[in-house]
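Coordinates in review
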4 protein chains.
Amino acid sequence: MARGINKVILVGNLGNDPEMKYTQGGMAVCTLSLATTSVRKDRDGNTQEKTEWHRVKLFGKLGEIAGEYLKKGRQVYIEGSIRYDKFTGQDGVEKYFTDIVADEMQMLGGGAEGGGGGGGSYRGGGDRSERPSRPPQRQESAPRREAPPAKSSDFADDFADDDIPF
Amino acid sequence: MARGINKVILVGNLGNDPEMKYTQGGMAVCTLSLATTSVRKDRDGNTQEKTEWHRVKLFGKLGEIAGEYLKKGRQVYIEGSIRYDKFTGQDGVEKYFTDIVADEMQMLGGGAEGGGGGGGSYRGGGDRSERPSRPPQRQESAPRREAPPAKSSDFADDFADDDIPF
Amino acid sequence: MARGINKVILVGNLGNDPEMKYTQGGMAVCTLSLATTSVRKDRDGNTQEKTEWHRVKLFGKLGEIAGEYLKKGRQVYIEGSIRYDKFTGQDGVEKYFTDIVADEMQMLGGGAEGGGGGGGSYRGGGDRSERPSRPPQRQESAPRREAPPAKSSDFADDFADDDIPF
Amino acid sequence: MARGINKVILVGNLGNDPEMKYTQGGMAVCTLSLATTSVRKDRDGNTQEKTEWHRVKLFGKLGEIAGEYLKKGRQVYIEGSIRYDKFTGQDGVEKYFTDIVADEMQMLGGGAEGGGGGGGSYRGGGDRSERPSRPPQRQESAPRREAPPAKSSDFADDFADDDIPF
DNA sequence: TTTT
DNA sequence: TTTT
């Protein structure tokens, strides 16, 4: 019984390897930095390129897959929604963040480096409220991990707190 | 020859009447505050509503039409792209803004108040680099105007400067 | 692990009341006839209107909601995918059908007639492979029903056969 | 002043090289056969793949670029709208066609064979009502051509007749 | 910070 | 008919 549509469709390239975090409940939170470049002619007829860097969040199983298969440079399709967040820093200054929360991800073309073969698409299964007991997959070429899975108490278990971006 | 897709589709209701500004070159810049509400179940099975407020910018003729026909409460379809901006305030603090730059706008259903009849759809004609000489339409129930058209020198004529949001 | 994106977004008005059918397994199948009108200028500068009539299918719970709340004339947002089907008639002639299979539906504005208040949005829960035991809701102003629920053997229980369109 | 949204977003692979035709007025009409594959689990838990083959039409300059750069196997992003057409054959039998009329095209990843390097994106410039005098580019690995440019009288010059699909 |  |  929602009211409104909030839909984002992106095709871009990753500026970095995925960043993985895990909530206290063990849910994967993968953050991508995704570039989309557009071109327009200015008044003088010169071609102007402009790149937007999107901060894309993938949760749960979708985040685990992203962390496992995506790599810097890889081209990817993302479908999701826009979320605006506001945090008040230690210094009392409010900071604003805009995230794209992904519902679907699809790897495109052939990756830039490594990247494990071809494409594939995945939908978020809405498992953001579940507590996956299966530990995250470890592997040689693991994504940058910035928080140990399922043990830190830095993150409250409630979803609202899971996603502190700094 | 762009590289990437940056597409946003919104259906929501206006939280306020449109705000109109004009660049020194006379181009209309209409800003909408658009709410999209979504629902999700939290871990306890309770329904959680969350409303995102999107700042939507419409330029040129599309902005003029939006300013003329849209009203607070009206339901509207917007298609466009995400643009992230950063400004450094007088105090040296960086501020971040996220805009949805509209390519297409369509009024939906019957408006909340006034709203002038049925729907209608309009595409941005890419006239952002032109200098419309036709003055903006004036009318009784005009949108809030915060800058006089085509005379202020507060705004540089270049598009890059046209869109200072504060 | 799909490969490809097949996404349709429609905003249009219903040309008729929804048509409800039920598979032998009891799954609701709601069919909408949805008009979208576009305008273009022809070579002579004349404005040409063109209306496309989309055949939209909603399955399961999403179909039940559509059948219950939608009415002729109502404006609706549909998100889904395109499906092309081919059937060979009794006369051996092949017939082609194109359906929009809805994943999400949202009622827009105020309905044309009746229509039960405001809007609301619903997502297909992927229950197309389940067998809902709950009987479909009956009510005074019920949508046209063309097949009795959950008793006919005209339709095989497998999904592949559930959706014969004639 | 249109009423309604009719939007299609596809990411898929070409099943064949592009087919080029030209209207009597000299406008390029490029037809793509584009596959999108989706996966669902059936009732027995088996994975079912289903491929939809979309017939995508690109007109004018967008069609020329598609004809020049796309190749069988290539992955491509298409944005456009659905168009339903009906033709009555010589035998008096009505035939139905569904086309995706592209507004935007972007080549993804690296092509399958040849394909001339990386990606690139292009928007339809709405030049469907113009008469491009520039002859279509010829080259060694030209797309299949089924009609000579700008001389045949088989096709009426009006757009309505330009696009007979058989 | 990506990509072409 | 593509792709993985």
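A quick note: this is a predicted structure, and the numbers were derived from the prediction, not measured.

The next thing to look at is the relation of the copies chain B and chain A. Each copy superposes on the other: chain B lies on chain A with an RMSD of 0.0 Å after a rotation of 180° and an axial shift of 0.0 Å. Expressed as an axis order, the relation between the two copies is that of a two-fold axis. Looking at the rotation axis and the C-alpha trace of chain B, the residue lying nearest is B:Val8, at 2.3 Å. A symmetric contact is evident, with 100% of the interface residues of chain B recurring at the interface of chain A.

All right, on to the pattern of salt bridges then. Summed over all chains, the structure comprises 32 salt bridges over all chains. Here B:Arg83 ties to B:Asp85 by a salt bridge, and the two come within 3.1 Å at their closest N and O atoms. Its relative accessible area of 10% is what places B:Arg83 among the buried residues. Under the relative-accessibility criterion, B:Asp85 is labelled buried at 18%. With its nearest N and O atoms 2.6 Å apart, the salt bridge here joins C:Lys50 to C:Glu52. Taken together, the shared-partner salt bridges in this structure form one network comprising A:Lys7, A:Glu79, C:Lys7 and C:Glu79.

Bringing the packing of aromatic side chains into the picture now. All names here are of chain B. Scanning all chains against the criterion turns up four aromatic pairs over all chains. Measuring from ring centre to ring centre gives 5.6 Å for Phe87 and Phe97, while their planes differ by 70°; the resulting arrangement is edge-to-face. Taken together, the residues span a long stretch of sequence, with Phe87 in strand β5 (residues 75-88) and Phe97 in strand β6 (residues 94-107) at a distance of ten residues.

Glancing now at the protein's contact with DNA strand F. Residue and element names in this part refer to chain D. Near DNA strand F there are twelve residues, and of these Leu14, Gly15, Asn16, Ser33 and Trp53 occur at the shortest range. Between DNA strand F and Asn13 there is a distance of 3.5 Å, counted from a sugar or linking oxygen to a side-chain nitrogen or oxygen. Taking Asn16, its side chain carries an N or O atom lying 2.5 Å from a base oxygen of DNA strand F. Looking at the surface near DNA strand F, the elements that each hand over two or more residues are β1 (5-14), β3 (28-41) and β4 (47-59). A breakdown of the residues in the surface near DNA strand F according to their chemical character gives three nonpolar, seven polar and two charged.

A word on the protein's contact with DNA strand E. Residue and element names in this part refer to chain A. DNA strand E sits among twelve residues. The nearest are Leu14, Gly15, Asn16, Ser33 and Trp53. When atoms of DNA strand E within 4 Å of the protein are split into backbone and base, the sugar-phosphate part holds 49%. For DNA strand E, a base oxygen lies 3.4 Å from a polar atom in the backbone of Gly15. Within the side chain of Asn16, a nitrogen or oxygen atom sits 2.4 Å from a base oxygen of DNA strand E.

Parameters at a glance
Residues numbered from 1 in each chain as written. Chains lettered and ligands numbered in written order. Predicted model: local features only at pLDDT ≥ 70, side-chain atom pairs only at ≥ 80, totals over all residues. Heavy atoms only, no water. Least-squares fit on C-alpha atoms with pLDDT ≥ 70 in both. Contact = heavy atoms within 4.5 Å. Salt bridge = Lys/Arg side-chain N within 4 Å of Asp/Glu carboxyl O. Buried < 20%, exposed > 50% of the residue type's maximum accessible area, 1.4 Å probe, protein only. Phe/Tyr/Trp six-rings, centres within 6.5 Å; stacked < 30°, edge-to-face > 60°. Helix = DSSP H or I, 4+ residues; strand = E, 2+ residues; numbered from the N terminus. Near = heavy atom within 4 Å. Polar contact = N/O pair within 3.5 Å; in protein donor to acceptor, adjacent residues only side chain to side chain. Nonpolar A, V, L, I, M, F, W, Y, C, P; charged D, E, K, R; others polar.

Just geometry here; none of it tells us what the structure is for.
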